[in-house]
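Each chain is listed here by its residues.
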Amino acid sequence: MNGSALLTQPTLVLNRSWQAICTTSVRHAIVLLYRGRAKVISPDTYELHDIESWSDLSRIKKGPQIHSVSYSIPVPEVVILTGCDVYPKPKVVFSRRNIFKRDRFACQYCGAHPRMTELTIDHVHPKSRGGRSTWENCVVCCRECNEKKGNRTPPEARLILKTVPKRPAWLPFVAQNSSLRPSWERFLGDLYWNVELDQTEG
Ligand SMILES: [Zn+2]
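Report on the accompanying structure. Please read all numbers here as calculations on a predicted model, not as lab measurements.

What counts as what
- Residues numbered from 1 in each chain as written.
- Predicted model: local features only at pLDDT ≥ 70, side-chain atom pairs only at ≥ 80, totals over all residues.
- Heavy atoms only, no water.
- Pairing = 2+ DSSP bridges.
- Helix = DSSP H or I, 4+ residues; strand = E, 2+ residues; numbered from the N terminus.
- Buried < 20%, exposed > 50% of the residue type's maximum accessible area, 1.4 Å probe, protein only.
- Contact = heavy atoms within 4.5 Å.
- Donors = N, O, S within 2.8 Å, 3.2 Å for Na, K, Ca; no water.
- Tetrahedral: all angles 85-135°; square planar, octahedral: opposite > 155°, others 65-115°.
- Core = buried A, V, L, I, M, F, W, Y, C linked by side-chain atoms within 4.5 Å.

With respect to the sheet that holds strand E1 (residues 10–14)
- Spatially, the five strands line up as an open sheet ordered E2-E1-E7-E3-E4, and their pairing is mixed. Two strands in the sheet have a free side with no partner beyond their single neighbour: strand E2 (20–25) and strand E4 (48–49).
- Examined bridge by bridge, E1 and E2 share five bridges and lie antiparallel to one another. In the sheet register, Leu14 faces E2, and the bridge partner there is Ala20.

Printed below as a string of structure tokens:
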């Protein structure tokens, strides 16, 4: 892979609590490093590096490197932000996808984690009886529980919600693309790796 292709590859971005918040391009990650707004996490040692110490590693580190006239640096695969508001949290949009993320792709009645195609959105207070499409009235539900519940409220159907649905303050990061790097694995939870990304509904 040539240099400019490497620069468009993804880098995982963590916030100061080591939570994955998004991906960016290798190019932008290097800009953040130069500006001192992020550090690289060495995938093998978890050591944090600034731009100087990371580029020093270019002599000993195997793997793809970015070369310019004046420097070489190993591709930063995971960076951690040093400031708190480089990426302000966006308002969480009410959408099918975000309801799935909030409920962690689990049926909120029985707790099952079936395939995405077996999950649907349930209106807790049925839509046909005036239930609204809101964060507080919509939950992820498996087909089985959905059929069992039908046009009834949870007490009528003898179902109990696992959690009280509400608007989430933030959502766990779930990648939008398939460019996953193995070095990201330890920074992302089981949920992330078990989600069938290409079936995630928008
Ligand atoms: Zn269920």
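Here the narrative resumes.
Thoughts on the environment of Pro154
- Locating Pro154 in the fold gives a position in helix H6 (residues 154–157).
- Owing to a relative accessible area of 9%, Pro154 belongs among the buried residues under this scheme.
- Expressed as a C-alpha distance, the spacing of Pro154 and Pro126, which sit 28 residues apart in the sequence, is 9.5 Å.
- Once residues within four sequence positions are removed from consideration, Pro154 is found in contact with Tyr109, Val124, Lys149 and Leu159.

Things to note about the coordination of the zinc ion
- Donor atoms from the polypeptide that bind the zinc ion are Cys107 (SG), Cys110 (SG), Cys142 (SG) and Cys145 (SG), placed at 2.3 Å.
- Considering all four donor atoms around the zinc ion, the spread of angles at the metal, 103 to 113 degrees, places the coordination shape in the tetrahedral class.

Quick notes on the nonpolar core
- Counting residues in hydrophobic clusters, the biggest one holds 19 residues, and the most contacted among them are Ile99, Phe100, Tyr109, Leu119 and Cys145.
- Elements with a contribution of two residues or more to this core: helix H4 (96–102), strand E8 (119–123) and strand E9 (138–142).
- Element by element, the count of residues in this core is highest for E9, at five residues.
- Of all hydrophobic cores here, the second largest spans twelve residues; its members include Leu6, Val40, Trp54 and Ile66.

In short, geometric facts, not functional conclusions.
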